[in-house]
Amino acid sequence: MENVEITKESDARGSFCPGPLMELIRMVRDAEVGDVLAVISSDAGSQKDLPAWVAKAKHELLGQEDFEGAVRFIIKKSH
Amino acid sequence: MSEEKMSIVLFSGTVDKLMAASIIAVGASAMGKKVTVFLTFYGLMAFRKGDWQTNTRFSKDFEEMAEPAMAAMKEKNVPNWMNMLNDAAEVGDLTIKACGMTMDLFGLEMEHLEPIVEEVTGVGTFVQDAEGGQTMFI
């Protein structure tokens, strides 16, 4: 995801389910439409919860990548 | 965000079950469901003002887990269940209601309860709130 400009990033490693999801929801709420957000999570539940929420809330998951043993989710606020 | 509903009868006042109920309530709120939590008996006791700050009650059937579980939650900075519910109320549509019968039985008034509790209702209202959605008893 090197060619995507991240508007805001949050490192939620060490936070437990549903912490990273709550962090993502807050970031999306506070962002502008079109902003690209990144959340890093080490929590097992979030690996499926974050993409599920992004789909449900009709935003766009641009990608997820390994990040120092955790996962970095990249999300675009679509509306 | 959605017309889907989840209703939880929260009967238990032990930290393990309060955690479980709160995580489900937060998750359902985050996923866009309209969540109603109906507090009755020990569930309501756990929402008496300030009780959550000192509550270390734990399920009797896993009593030996009480100390290690509480210690692990503290060490790993797991958010308190009450804070999780406040989060759910912030991000989603969560309403917490107190059972009128329990209030009467134990002489409780709204002023004795945490501010997150919005109103006192009867079981009839709860059943009406829950109609057509998922309901669970914890």
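Bear in mind the structure is a predicted one, so any value in this text is a computation, not a measurement.

Basis of the calculations
Per chain, residues are indexed from 1 in the order of the written sequence. Ligands are numbered from 1 and chains lettered from A, in the order in which they are written. Given that the model is predicted, a residue must reach a pLDDT of at least 70 before its local features are reported, and side-chain atom pairs must reach 80 or more before they are shown or counted; all residues, however, enter totals for whole chains, interfaces and linings. Side-chain figures throughout are based on the complete set of non-hydrogen atoms in the structure, without hydrogens or water. The helix and strand labels rest on DSSP assignments: H or I over at least four residues marks a helix, E over at least two residues marks a strand, and numbering proceeds from the N terminus. The atom set for the radius of gyration is the C-alpha atoms, and the globule formula is 2.2 Å times the number of residues raised to the power 0.38. The cut-offs for exposure are 20% and 50% of the maximum accessible area for each residue type, with area from a 1.4 Å probe on protein chains only; residues under the lower value are buried, those over the upper are exposed, and the others partly exposed. Exposure above 30% relative accessible area and the absence of a salt bridge qualify a residue for a patch, where like charges join within 9 Å and nonpolar side chains (Val, Leu, Ile, Met, Phe, Trp, Tyr) within 5 Å. Note on areas: Shrake-Rupley, 1.4 Å probe, and residue coverage restricted to the protein chains presented here. Salt bridges are defined by distance alone: a side-chain nitrogen of Lys or Arg within 4 Å of a carboxyl oxygen of Asp or Glu. Any residue with an atom within 4 Å of a point lines the site, the site being either a cavity, points on a 1 Å grid over the protein atoms alone where a 1.4 Å probe fits but cannot get out, or a pocket, an open set with protein on both sides within 12 Å along at least 5 of 7 lines. Grid points are joined across faces, edges and corners, and a volume is the space filled by probe spheres set on the points. Any residue outside Ala, Val, Leu, Ile, Met, Phe, Trp, Tyr, Cys, Pro, Asp, Glu, Lys and Arg is labelled polar, Gly included; the first ten of those are nonpolar and the last four are charged. When checking whether two residues touch, look at their non-hydrogen atoms; a contact exists if any pair is within 4.5 Å. When DSSP finds two or more bridges between two strands, those strands count as paired. Axes here refer to lines fitted to C-alpha atoms; in helices the fit is confined to the stretch in contact. Angles between the N-to-C directions go from 0 to 180 degrees.

A.B. asks: Which residues make up the overall build of chain B, and what values do they have?
C.D. replies: Across its full length, chain B carries seven helices and five strands. Listed by position from the N terminus, the elements making up chain B come as β-α-β-α-α-α-α-β-α-β-α-β. Computed over the C-alpha atoms, the radius of gyration of chain B is 15 Å, within 12% of the 14 Å expected from 2.2 N^0.38 for a compact globule of 138 residues. In terms of overall dimensions, chain B has C-alpha extents of about 40 × 35 × 25 Å along its principal axes. Sorting the 138 residues of chain B into buried and exposed places 45% on the buried side.

A.B. asks: Summarise a nonpolar patch on the surface; cite the residues concerned and give the values.
C.D. replies: Residues and elements named next belong to chain B. Taken together, the side chains of Met101, Leu105 and Phe106 make up a nonpolar region of the molecular surface, amounting to roughly 300 Å² of accessible area. Note that Phe106 resides in the loop between helix H6 (100–105) and strand E4 (117–121). On the basis of relative accessibility, which here comes to 38%, the residue Phe106 falls in the partly exposed class.

A.B. asks: Quick rundown of the layout of surface pockets? Include the residues and the values.
C.D. replies: All names here are of chain B. Approximately 300 Å³ is the volume attributed to the largest pocket. Lining the largest pocket we find 15 residues, and of these Val15, Met70, Met73, Lys74 and Asn80 sit closest to its centre. If one sorts the elements of the lining of the largest pocket by residue count, helix H4 (residues 66–75) sits on top with four residues. Taken together, the residues that form the lining of the largest pocket break down as nine nonpolar, five polar and one charged.

A.B. asks: Could you give an account of empty space enclosed by the protein, naming the residues involved and the relevant values?
C.D. replies: Residues and elements named next belong to chain B. As enumerated under the stated definition, the model contains one cavity of 30 Å³ or more in all. Lining the largest cavity, in full, are Leu10, Ala21, Ser22, Ala25, Val37, Phe47 and Leu85. The greatest single-element share of the lining of the largest cavity, amounting to three residues, is contributed by helix H1 (residues 15–30). Partitioned by chemical class, the residues of the lining of the largest cavity number six nonpolar, one polar and no charged.

A.B. asks: How would you sum up the environment of Met19 of chain B? Please name residues and give values.
C.D. replies: Along the chain, the position of Met19 of chain B falls in helix H1. Those residues in contact with Met19 of chain B, other than ones at most four positions away along the chain, are Met73, Val78, Pro79, Trp81 and Met84 of chain B.

A.B. asks: Would you mind going over the sheet that holds strand E1 (residues 8–11) of chain A in detail, with residue names and values included?
C.D. replies: Residues and elements named next belong to chain A. Strands sit in the order E1-E2-E4-E3 across an open sheet of four strands; the sheet is mixed. A strand with exactly one partner marks an edge of an open sheet, and here the two such strands are E1 and strand E3 (60–67). Each strand axis lies, on average, 15 degrees off the axis of its neighbour in the sheet, ignoring direction. The sheet contact formed by strand E2 (residues 36–41) and strand E4 (residues 70–76) spans six bridges and is antiparallel. Bridge assignment links Val36 to a residue of E4, and that residue is Lys76. Strands in contact with helix H1 (residues 19–30) are E1, E2 and E4; relative to E2, the strand with the most contacts, it is inclined by about 165 degrees. Helix H2 (residues 46–56) rests against E2, E3 and E4 of the sheet, and its axis sits at about 5 degrees to E4.

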